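Survey of secondary and tertiary structure
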Amino acid sequence: MTAPGTRAGAPAADADDLDVEEALALVREPKDDGDAPVPTPARPERRHERHRATPWPRARDIAARAARSGSRRTPVSVPLADALGLVLASPLDALTDLPSFDTSAMDGWAVAGPGPWEVRDEGVLAGHAQPDPLTDGEAVRIATGARVPADTTAVLRTEHGRTDAQGRLHATREVVHGQDIRPRGQECRGGDQLLPVGTLVTPAVLGLAAAAGYDTVTAVPRPRVEVLVLGDELLTEGRPHDGLIRDALGPMLPPWLRALGAEVTAVRRLGDDARALRKALTGSTADLVVTTGGTAAGPVDHVHPTLERMGAELLVDGVKVRPGHPMLLARTKEDQHLVGLPGNPLAAVSGLLTLAEPLLRTLAARPAPEPYTLALGEAVHGHPYDTRLIPVVLRGDHAVPLHYNGPAMLRGIAAADALAVVPPGGARQGEDTELLDLPWAAAGIGVCFT
Ligand SMILES: Nc1nc2c(c(=O)[nH]1)N[C@H]1C(S)=C(S)[C@@H](COP(=O)(O)OP(=O)(O)OC[C@H]3O[C@@H](n4cnc5c(N)ncnc54)[C@H](O)[C@@H]3O)O[C@H]1N2
Ligand code: MOO
């Protein structure tokens, strides 16, 4: 395939150039030799579209604010096993002292007074009944985590003691009063606040909650999301054939939405059927409905007309971002929003991160990720007016743009660590550029997707 504008006989443009020209319809800067043709945009924007489209940073703000406009979401009590990724709606107050009893920090002997010590026959193990108090000059074998007997003055580690022929225990180094005993309440007292409201429940938080006596935590409920996949051309299995293609978004969006903190209640394939779309929207009780496809102006692009008929309020109608500019955000009912993702798969990712991410993050009361930048490993062409989101891999302290970043392609994003936010006009090699992390690159594949 030859990129538009490539001279016959000249080497084919690399994939990035190809994407830029062919798929994103960007105006390309003339090469230094001045003879490279400047392609005209494939689909010049109509005046009113440019006017209506929201700048990318503002679209994200609007999505976050939309989530704040609804009624307060009632906190829920969630078993620890289901709480990963939620945000605490009540502080985590210790239900007990930690440790809840004086405990040995080491395997060895609990000793009373200065040595040598007579060693008791019976040792003390973790989880066993309270042992009898020690008397001065007495020692007892003890395991890490076992309750220390009353009147213990120190724990002597196994490797720091030896027994003589009479069975008496001697220390091989100085014994300091209280050594290797974790006193009750060393970490916290019952009622101490361990973590405040707003804390993200991580695996470590689950561990702490369990240690502090919790079976459930009180958390902000996960936003409930329904995914409606539109398009008659979509297959759910097998190879593409006869103009039909595989649905790439049905498999991709649910785990991605879960990684963004959502509970996906349903994924429904509706074809290009305006009545089915309207029925699904009016019947949905989800906090957020995500549609895919049908956002543009084609004969079977039903999202806009359906929203209009329903009297939905369009909050964002097009965003100055490539790919994904036809994305939209609407308030469909009280406490329900709709994010319309464009059908082109990378455009859908763009919509997911531009509109769904801030909305879900705010509904779930999750903290906003700290913005960060990295120097670009290569220059990236810019769109004249719009932000571009470009898949990148992180290599040392550089973000290296990936090829295959056209709106219909997933090959770049599937290999990416992040998306670079390239401002209108482009970015030079070495220029610090904002990055949007991808959940699996930031948190690991197993952490957030369940
Ligand atoms: N006259 C115009 N045409 C188009 C415009 C425009 O502004 N005016 N915008 C273009 C851009 S940019 C995009 S992005 C797409 C958005 O289109 P839609 O949201 O209406 O999506 P569809 O037309 O339904 O599909 C577009 C493309 O994506 C494929 N697709 C759809 N769903 C899936 C899926 N689940 N998995 C894989 N691929 C999917 C579909 O077959 C089409 O090829 O519109 C441009 N056109
Ligand atoms: O440029 Mo579209 O917005 O192809 O994704």
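Definitions and cut-offs
- Residues numbered from 1 in each chain as written.
- Chains lettered and ligands numbered in written order.
- Predicted model: local features only at pLDDT ≥ 70, side-chain atom pairs only at ≥ 80, totals over all residues.
- Heavy atoms only, no water.
- UniProt positions renumbered as here; feature names shortened; annotations may be inferred.
- Helix = DSSP H or I, 4+ residues; strand = E, 2+ residues; numbered from the N terminus.
- Buried < 20%, exposed > 50% of the residue type's maximum accessible area, 1.4 Å probe, protein only.
- Contact = heavy atoms within 4.5 Å.
- Areas by Shrake-Rupley, 256 points an atom, 1.4 Å probe, with all protein chains shown as cover.
- 1 Å grid on protein atoms, 1.4 Å probe; cavity = no way out; pocket = protein on both sides within 12 Å on 5 of 7 lines; lining within 4 Å.
- Points joined across faces, edges and corners; volume = space filled by probe spheres on them.
- Nonpolar A, V, L, I, M, F, W, Y, C, P; charged D, E, K, R; others polar.
- Near = heavy atom within 4 Å.
- Polar contact = N/O pair within 3.5 Å; in protein donor to acceptor, adjacent residues only side chain to side chain.
- Salt bridge = Lys/Arg side-chain N within 4 Å of Asp/Glu carboxyl O.
- Pairing = 2+ DSSP bridges.
- Axes fitted to C-alpha atoms, helices over the stretch in contact; angles between N-to-C directions.

By the naming in an unreviewed UniProt entry, the protein chain goes by Molybdopterin molybdenumtransferase and is assigned to Streptomyces collinus. Among the UniProt annotations of the protein chain, the heading Function (unreviewed entry) holds the following wording: "Catalyzes the insertion of molybdate into adenylated molybdopterin with the concomitant release of AMP." Of the comments in the UniProt record for the protein chain, the one headed Cofactor (unreviewed entry) reads "Mg(2+)".

Before going further, it helps to spend a moment on the overall build of the protein chain. For the protein chain, the helix and strand inventory stands at 10 helices and 27 strands. Sorting the 450 residues of the protein chain into buried and exposed places 47% on the buried side. For the protein chain, restricting intrachain contacts to residue pairs at least 6 apart in sequence, the fraction spanning at least 24 positions comes to 69%. A total of about 21900 Å² of accessible surface is found on the protein chain, and carbon and sulfur atoms cover 51% of it.

Here the focus is unusual backbone geometry. Each neighbour pair has its own omega, and for Leu 98 with Pro 99 the value is -10°, a cis peptide bond. By the element assignment, Pro 99 lies in the loop between β3 (92–93) and β4 (103–104). The phi dihedral of Asp 335 falls on the positive side, at around 65°, and the residue is not glycine. Locating Asp 335 in the fold gives a position in the loop between β21 (328–333) and β22 (336–341). Accessibility expressed as a relative area gives 33% for Asp 335, which makes it partly exposed.

Attention now goes to empty space enclosed by the protein. Any space left empty among the atoms is revealed by the rolling of a water-sized probe across them. Under the defined criterion, the tally for this structure stands at 3 cavities of 30 Å³ or more. Counted as a void, the largest cavity has a volume near 40 Å³. Along the walls of the largest cavity sit Leu 230, Gly 271, Asp 272, Asp 273, Leu 277, Gly 294, Val 300 and His 302, which together make up its complete lining. Grouping the amino acids of the lining of the largest cavity by side-chain chemistry returns 3 nonpolar, 3 polar and 2 charged.

The next subject is the site of ligand 2. Near ligand 2 the following residues occur: Pro 323, Gly 324, His 325, Pro 326, Asn 344, Ala 347 and Pro 407. Within the backbone of Gly 324, a nitrogen or oxygen atom sits 2.6 Å from an oxygen atom of ligand 2. Residue composition of the shell around ligand 2, grouped by class: 4 nonpolar, 3 polar and no charged.

Once their charged atoms are close, side chains differing in charge can pair, the charge on each being opposite to the other. With the rule as written, the count across this model stands at 14 salt bridges. In this structure, Arg 60 engages Glu 357 in a salt bridge whose closest nitrogen and oxygen atoms are separated by 3.0 Å. With a gap of 297 residues between them, Arg 60 in helix α3 (residues 56–68) and Glu 357 in helix α8 (residues 345–363) connect regions that are remote in the sequence. Residue Arg 60 is classed as buried on the basis of its relative accessible area, which comes to 16%. Residue classification places Glu 357 among the buried residues on the basis of a relative accessible area of 12%. Here Glu 138 makes a salt bridge to Arg 120, at a shortest N to O gap of 2.9 Å.

This paragraph deals with the sheet that holds strand β18 (residues 288–292). On the basis of which strands lie adjacent, the open sheet formed by 6 strands has the order β17-β14-β18-β22-β21-β19 and mixed pairing. Single-partner strands in this sheet number two, and they are β17 (263–271) and β19 (313–317). Pairs of neighbouring strands in the sheet enclose a mean axial angle of 20°, with direction left out of account. For β21 and β22, the ladder comprises 5 bridges, and the chain directions are antiparallel.

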